[in-house]
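Chain and residue survey
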Amino acid sequence: MSTSFRRKVAAVTFAVLGLSLAGGGIAIAQPQALAPQETVQPAARSTNAQPPVTAESARTAKAALKANSTLAASTTIVVVNSNGTKARGTGSVIKYGTGQYEVIFGHNVTAGVFVATIGRADACCIPPAGEISVAPRLSTPNAVFVQTRTSAGTPTDLGFHLVVHLA
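The paragraphs below set out a description of the structure included in this document. (Residues numbered from 1 in each chain as written. Predicted model: local features only at pLDDT ≥ 70, side-chain atom pairs only at ≥ 80, totals over all residues. Heavy atoms only, no water.)

Section: the overall build of the protein
For clarity, the threshold we go by: Per the convention used, a helix needs a DSSP run of H or I reaching at least four residues, while a strand needs a run of E reaching at least two, with both numbered from the N terminus. Every residue pair with non-hydrogen atoms within 4.5 Å of one another is taken to be in contact. The Shrake-Rupley method, run with a 1.4 Å probe, gives the accessible areas here. Residue values count only the displayed protein chains as cover.
From N to C terminus, the protein includes 3 helices and 8 strands. Counting from the amino terminus, helix and strand elements in the protein follow one another as α-α-α-β-β-β-β-β-β-β-β. Taking the intrachain contacts of the protein between residues at least 6 apart in sequence as the baseline, contacts between residues at least 24 apart amount to 65%. Accessible surface computed for the protein: about 10400 Å², of which carbon and sulfur atoms make up 63%.

This is the structure in structure tokens:
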């Protein structure tokens, strides 16, 4: 009786294993269903337009250009808190709305390389997860525009570190 039971257990085990492998092969052979466009690019990400330049921003940018001389090659850094205040570095910061910041420097940065990452100003903790994008500020040659979002693409206020390199 025990020999017959062992043979049945072995046969069932091999049958289950064979069906599992065959089923996995069928699932792999099927074409992948395409995700809906909303899943790939949430609607919140479609707002890539910069807000219009304010009179305060234009005035600050012009004053910064007059105050400083032209630099041949330099690297400028600034650390900004989530509320739009500058923690350290050079430049001044204007916060436009949720997750929208303008960083103004004392020199023209249109030919620069901009690198930004989400970060904290203190040495406490790992910053929250999210996304950041950076671009030259429209109509302002000495400013950079920064947007921060959650990982789901919703605009949110996050602190960041910005590096501008001019060659």
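Here the narrative resumes.
Re the side chain of Arg-137
Going by this rule: Burial status follows relative accessibility: with a 1.4 Å probe on protein chains alone, a residue under 20% of its type maximum counts as buried, one over 50% as exposed, and anything between as partly exposed. A 3.5 Å cut-off defines polar contacts: any pair of N or O atoms within that distance qualifies, except that in protein one atom must be a possible hydrogen donor and the other a possible acceptor, and neighbouring residues in sequence count only when both atoms are side-chain atoms.
In this fold, Arg-137 is placed in the loop between strand S6 (131–136) and strand S7 (143–149). Residue class for Arg-137 comes out buried when judged on its relative accessible area of 4%. A distance of 3.3 Å separates the side chain of Arg-137 from the side chain of Tyr-96, its partner in a polar contact. When near neighbours in sequence (up to four residues on either side) are disregarded, Arg-137 contacts Gln-50, Pro-51, Pro-52, Val-53, Tyr-96, Glu-102, Ala-143, Val-144 and Phe-145.

Considerations on the pattern of salt bridges
Counted only if it meets this: Only one rule defines a salt bridge in this text: a Lys or Arg side-chain nitrogen within 4 Å of an Asp or Glu carboxyl oxygen.
Taken as a whole, this structure holds 3 salt bridges when the rule is applied. Between Asp-122 and Arg-120 there is a salt bridge whose closest N-O contact spans 2.8 Å. On the basis of relative accessible area, Asp-122 is assigned to the partly exposed category, the value being 41%.

Quick notes on the nonpolar core
In plain terms, the rule: Buried Ala, Val, Leu, Ile, Met, Phe, Trp, Tyr and Cys residues that are joined via side-chain atoms within 4.5 Å together make up what is termed a nonpolar core.
In this structure, Val-103, Phe-105, Val-109, Val-144, Phe-160, Leu-162 and Val-164 are the most contacted members of the largest nonpolar core, which totals 14 residues. Contributions of two or more residues to this core are made by strand S1 (74–80), strand S4 (100–104), S7 and strand S8 (160–166). In terms of residues, this core owes the most to one element, S8, which gives 4 residues. Discounting chain neighbours no more than four positions away, the residues touching Leu-162 are Thr-76, Ile-77, Val-78, Val-103, Phe-105, Val-115, Ala-116, Val-134 and Val-144. By size, the runner-up hydrophobic cluster in this structure holds 5 residues, among which are Ala-64, Ile-94, Ile-104 and Ala-143.

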